[in-house]
Amino acid sequence: MIKLENYLGTIQISENFFANLVGYAASRCFGVAGMAPSSKSAKSTAAWLKKPILPTKGVRIRNSGDLLIIDLHIIVTYGVNISAIVKSIGHKVRYTVEQATSLHVGKVNVFVDGMLSE
């Protein structure tokens, strides 16, 4: 739960809301095949690549003082420029969160956990 305090009172935003917001924004970026669960094991790699992943999987949000730190685990499409995708995701997620919540994002860490061929 993330709490904001202002002169009117306290606002609480659930982590589930943030996970949906961030996962939706990231999964809509070009070259992203899906979200990867952040707690996968080495022997289940083939299984999680075949299953559809919910946008909330692979999203972790923490706060450090007044800033949010967002960790994303994604699966990319084969043949795309990974550094361009990661940069695009960082900008889009930061913009989406700041516009929707007025909270400042300190960092967006993007982890590429897999690649899908078409």
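Everything quoted here is computed from the prediction, not taken from an experiment.

(A) Seen up close, the side chain of Asp71. Along the chain, Asp71 falls in strand β5 (residues 67–77). Taking relative accessible area as the criterion, Asp71 reaches 9% and is therefore assigned buried. Among residues more than four places away in sequence, those in contact with Asp71 are Gly58, Val59, Arg60, Arg62, Asn109 and Phe111.

(B) Structural detail: a nonpolar patch on the surface. Taken together, the side chains of Tyr78, Ile82, Val112 and Met115 make up a nonpolar region of the molecular surface, amounting to roughly 360 Å² of accessible area. For Ile82, the position within the fold is in helix α3 (residues 82–101). Judged by relative accessible area, which is 32%, Ile82 ranks as partly exposed.

(C) Highlighting the nonpolar core. Grouped together as the largest cluster of nonpolar side chains are 26 residues, with contacts concentrated most on Leu72, Ile74, Ile89, Val93 and Val97. Here this core takes six residues from helix α1 (residues 15–27), the largest share from any one element. Each residue touching Val97, except ones within four places of it in the same chain, is listed here: Phe18, Leu21, Val22, Leu68, Ile70, Ser102, Leu103 and Val105.

(D) Up close: the pairing of strand β1 (residues 2–6). Taken together, the five bridges between β1 and strand β2 (residues 9–13) define a ladder with antiparallel strand orientation. Note on β2: the bridge partner recorded for Lys3 is Gln12.

(E) Up close: the packing of α1 against α3. Running from amino to carboxyl end, α1 crosses α3 at an angle of 140°, the nearest separation of the two axes being 9 Å. With respect to α3, the element α1 is oriented oblique. The two elements α1 and α3 meet at a crossing, and its hand is right-handed. Across the interface between the two elements, Phe17, Phe18, Leu21, Val22, Ala25 and Ala26 of α1 pack against Ile89, Lys92, Val93, Thr96, Val97, Ala100 and Thr101 of α3.

Cut-offs applied
Residues numbered from 1 in each chain as written. Predicted model: local features only at pLDDT ≥ 70, side-chain atom pairs only at ≥ 80, totals over all residues. Heavy atoms only, no water. Helix = DSSP H or I, 4+ residues; strand = E, 2+ residues; numbered from the N terminus. Buried < 20%, exposed > 50% of the residue type's maximum accessible area, 1.4 Å probe, protein only. Contact = heavy atoms within 4.5 Å. Patch = residues over 30% accessible without salt bridge, like charges linked within 9 Å, V, L, I, M, F, W, Y side chains within 5 Å. Areas by Shrake-Rupley, 256 points an atom, 1.4 Å probe, with all protein chains shown as cover. Salt bridge = Lys/Arg side-chain N within 4 Å of Asp/Glu carboxyl O. Core = buried A, V, L, I, M, F, W, Y, C linked by side-chain atoms within 4.5 Å. Pairing = 2+ DSSP bridges. Axes fitted to C-alpha atoms, helices over the stretch in contact; angles between N-to-C directions. Parallel < 35°, antiparallel > 145°, perpendicular 65-115°, else oblique. Left-handed = near helix turned anticlockwise from the far one by under 90°.

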